[in-house]
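# Structural features, examined
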Amino acid sequence: MSDRNMSKEAETGNTAAELRRKAEAKMAAMDSPDISAPDTKALIHELRTHQIELEMQNEELRRSETELAEARDSYADLYDFAPVGYVSINSKGFIKQANLTMTDMLGVDRRDLINRLFSNFVVVEDEDIYYLHRKTIFDSERRKSTELRLKKSDGNTFWAQIESTVQQCDDADAYHLMAISDIDKRKHAEESLYILSRAIEQAGEAIIITDREGVIEFANPAFVQLTGYSTAEAIGQTPRMLKSGSQDDAFYADMWNTITSGKSFHGKIIDRRKDGSFYPAMLTISAISDQSCEASSYSHFVAIQSDLSSFEDMEHQFHQAQKMEALGTMVGGIAHNFNQDRYISQWAKLPFQQKGARLSADDAEAEGIYAELLRTRVASQKASEVAELIN
C-alpha cells in the first residue's frame, strides 16, 4: 500500500474516534429514561445490531475510499508518465495543467510551466499555425490536429504533432486540451527521404528499382529518356525488355550470381531502346538488403545505367585525331626526305644541262639519271602539299 493510502486510512480512523467521543459526551448529557429489563435487553440488541450495521457500512466506505485513492493514483501515473504530453489551456491561452512528459519535452519544471502562455513555447515562424489551429478548434468544437515546431528552455527546437479538442467546464470557461507527440525524428527521416527521392528523380543516370524477382517497381525520368519506355510501360516488366542479344547467357548468369550474393555488379552492356536502336551503357546493379541487413538477405535491386554513346563518339574522334597526327608526322618526314632529294635534283640538273652541249645524245645513262631526278622532284612537291594540308 502506498504512503498516500496509509495517510488516508489513518485520517479516516481519527475521524471515527472523534465522532465516537462526541457521541458519548452527548449521551452522557441526556436524561436516561426508566426502562424495564425486557425493554433494556431489546434495546441493547437493537443498538448492537445497528452498531454492527454501521461498522459494516463504515468498512465498506473505507474500502471504497481506498479503491478510489488507488484509482486516482493510477490515473495520475498514467497521466504524468504517458508517452505523449498532455496540456490543458484556458480560453486566454494560459497553461493550467500539464503532465510530466510535457515538462520533459520542454525542459521546464511543472511549477514554472503553469500559468504561462503556451504560445511562448511555439517557434516564431509557426505561431500563425498555432493561432489558426486554436481558432479552428474553438469555432468547430471538433477534434483537430496540426504539426508545428516547439522550442525548449535551452533554445533547441523540435517538431511536434498536436491533437486538440475543446472541453466546456462548469465555470463556463472552455479549455483547450492538447495531446502532444514528439515527431522530430520522423520529420527528419521524411526530409531525408524527400531529398533522396528528388536526387533519384533528377539524376542524369537511368535508375530502376526491382523486387527480388527482378520485376520493375520504379523507373526515373532519365530511364524514360534513355530507353524510350514510359514509366507506366516499364513498371511490372523486367529488364529483359531491354535485352539486345549482344550479351550471351554466361554474361547474365554471372551478373545474377554476383548480385544475389550481396555484391555489386559493374560492367559494360549494350541494350536496346523501344525504337529498336542499340545503345552502350555502363551498368551497376546492387542488392538492397532487408531489415535483417544480412548480405544474403535482400528485398530489392537497384540498377543504374550511364549512357556511353557520347563517350564512345568522343573516343572514336580521339583515335581518329591520333591517326591523323601520326599520318601527318609520317608524311612530313617523307616530304623532308623528298625535299632533300629535290635539292639534290636541282643541284644535279644545272651541271647536267651545262654539260649537255658537250655530251653525246646517245648517252642513255646520263639521260636516265636526269629523268629520275625530275621524278623525285615532282614526288617531293606533292608530298609537301599533302603535309601542308594535314597540318
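In this report, the structure presented in the accompanying data block is examined. (Residues numbered from 1 in each chain as written. Predicted model: local features only at pLDDT ≥ 70, side-chain atom pairs only at ≥ 80, totals over all residues. Heavy atoms only, no water.)

## Overview of the environment of H188
This is how the line gets drawn: Secondary structure elements are taken from DSSP: a helix is a run of H or I of four residues or more, a strand is a run of E of two residues or more, and numbering for both begins at the N terminus. Relative accessible area decides the class of each residue, using a 1.4 Å probe on protein chains only: under 20% of the type maximum gives buried, over 50% gives exposed, and in between gives partly exposed.
By secondary structure assignment, the location of H188 is in helix 6 (residues 184-202). A residue is classified by how much of its surface remains accessible, and H188, at 42% relative accessible area, is partly exposed. Measuring from C-alpha to C-alpha, the distance between H188 and W159 comes to 9.1 Å, with 29 residues separating the pair along the chain.

## A short note on helix 5 (residues 127-140)
Counted only if it meets this: Expected helix span is taken as 1.5 Å per residue step, with the number of steps being one fewer than the number of residues. In this context, the arc is that of the directions from the helix axis out to the C-beta atoms.
Compared with an ideal rise of 1.5 Å per residue, which puts 14 residues at 20 Å, helix 5 spans 20 Å between its outermost C-alpha atoms and is within 8% of the ideal. Those residues of helix 5 lying buried are Y130, H133, R134 and I137. Considered in projection along helix 5, the buried side chains sweep an arc of 100° and stay on one side of the axis. Residues D128, L132, K135 and D139 are exposed on helix 5 and point more than 90 degrees away from its buried face. Just past helix 5, the residue E141 takes up positive phi, approximately 55°.

## Things to note about the pattern of salt bridges
Cut-off, in case you're wondering: Put simply, a salt bridge is a Lys or Arg side-chain nitrogen that is within 4 Å of an Asp or Glu carboxyl oxygen.
Scanning all chains against the criterion turns up 10 salt bridges. Between R111 and D109 there is a salt bridge whose closest N-O contact spans 3.6 Å. Owing to a relative accessible area of 67%, R111 belongs among the exposed residues under this scheme. Across the pair K274 and E233 runs a salt bridge, and its minimum N-O distance is 2.8 Å. Remark: E233 occurs in helix 8 (residues 231-234) and K274 occurs in the loop between strand 8 (265-272) and strand 9 (278-289); sequence separation between them is 41 residues.

## Regarding the sheet that holds strand 1 (residues 85-89)
Let me state the cut-off plainly: Following DSSP output, two strands are said to pair if at least two bridges run between them. Every axis in this analysis is a line fitted to C-alpha atoms, fitted for helices over the stretch in contact. Angles between the N-to-C directions lie between 0 and 180 degrees.
Here we have 5 strands laid out as an open sheet, ordered 2-1-5-4-3, and antiparallel in their pairing. The open sheet has two free edges, formed respectively by strand 2 (95-98) and strand 3 (144-151), since each of these has just one partner strand. For this sheet the average axis-to-axis angle between neighbouring strands, irrespective of direction, equals 30°. Bridge count between strand 1 and strand 5 (residues 174-182): 5 bridges; the pairing is antiparallel. Across the sheet, S88 pairs through a bridge with L177, a residue of strand 5.

## Considering the pairing of strand 2
Bridging between strand 1 and strand 2 involves 3 bridges; their strand directions are antiparallel. Counterpart to V87 in the pairing with strand 2 is A98. In this antiparallel pair of consecutive strands, strand 1 and strand 2, the connection spans 5 residues, and G93 shows a positive phi of 95°.

## A word on the side chain of D211
This is how the line gets drawn: Contact between two residues is taken to exist if any of their heavy atoms lie within 4.5 Å; hydrogens are not considered.
Secondary-structure assignment places D211 in strand 6 (residues 206-211). Filtering out sequence-adjacent residues up to four positions away, D211 remains in contact with E217, S299, H300 and F301.

## Points about the nonpolar core
Spelled out, the test is: Only buried residues count toward a nonpolar core, which is a set of Ala, Val, Leu, Ile, Met, Phe, Trp, Tyr and Cys residues joined through side-chain atoms within 4.5 Å.
Membership of the largest hydrophobic core comes to 23 residues, with the highest contact counts inside it found for F223, F265, L283 and I285. Elements supplying a minimum of two residues to this core: strand 6, strand 7 (216-219), helix 7 (221-227), helix 9 (249-260), strand 8, strand 9 and strand 10 (298-307). Residue contacts for F265: discarding those within four places in its chain leaves F251, D254, M255, T258, I259, L283, T284 and I285. Membership of the second largest hydrophobic core comes to 20 residues, among which are I95, L106, F118 and L148.

## Remarks on the side chain of S119
Relative to the helices and strands, S119 resides in the loop between helix 4 (110-113) and helix 5. Classification of S119 by relative accessible area gives buried; the value is 12%. When neighbours within four sequence positions are excluded, S119 is seen to be in contact with E127, Y130 and Y131.

## Some thoughts on the packing of aromatic side chains
Test applied: For Phe, Tyr and Trp, where Trp contributes only its six-membered ring, two rings pair if their centres lie within 6.5 Å, and the inter-plane angle classes them as stacked under 30 degrees, edge-to-face over 60, or tilted in between.
All told, the structure shown has 7 aromatic pairs when counted by the stated rule. Seen from their ring centres, Y130 and Y131 are 5.5 Å apart, and the 50° between their planes marks the pair as tilted. What makes Y131 partly exposed here is its relative accessible area of 41%. The interplanar angle of 50° and the centroid separation of 5.6 Å between the aromatic rings of W256 and F301 together place this pair among those described as tilted. Linking W256 in helix 9 with F301 in strand 10, this pair joins segments that are 45 residues apart in sequence.

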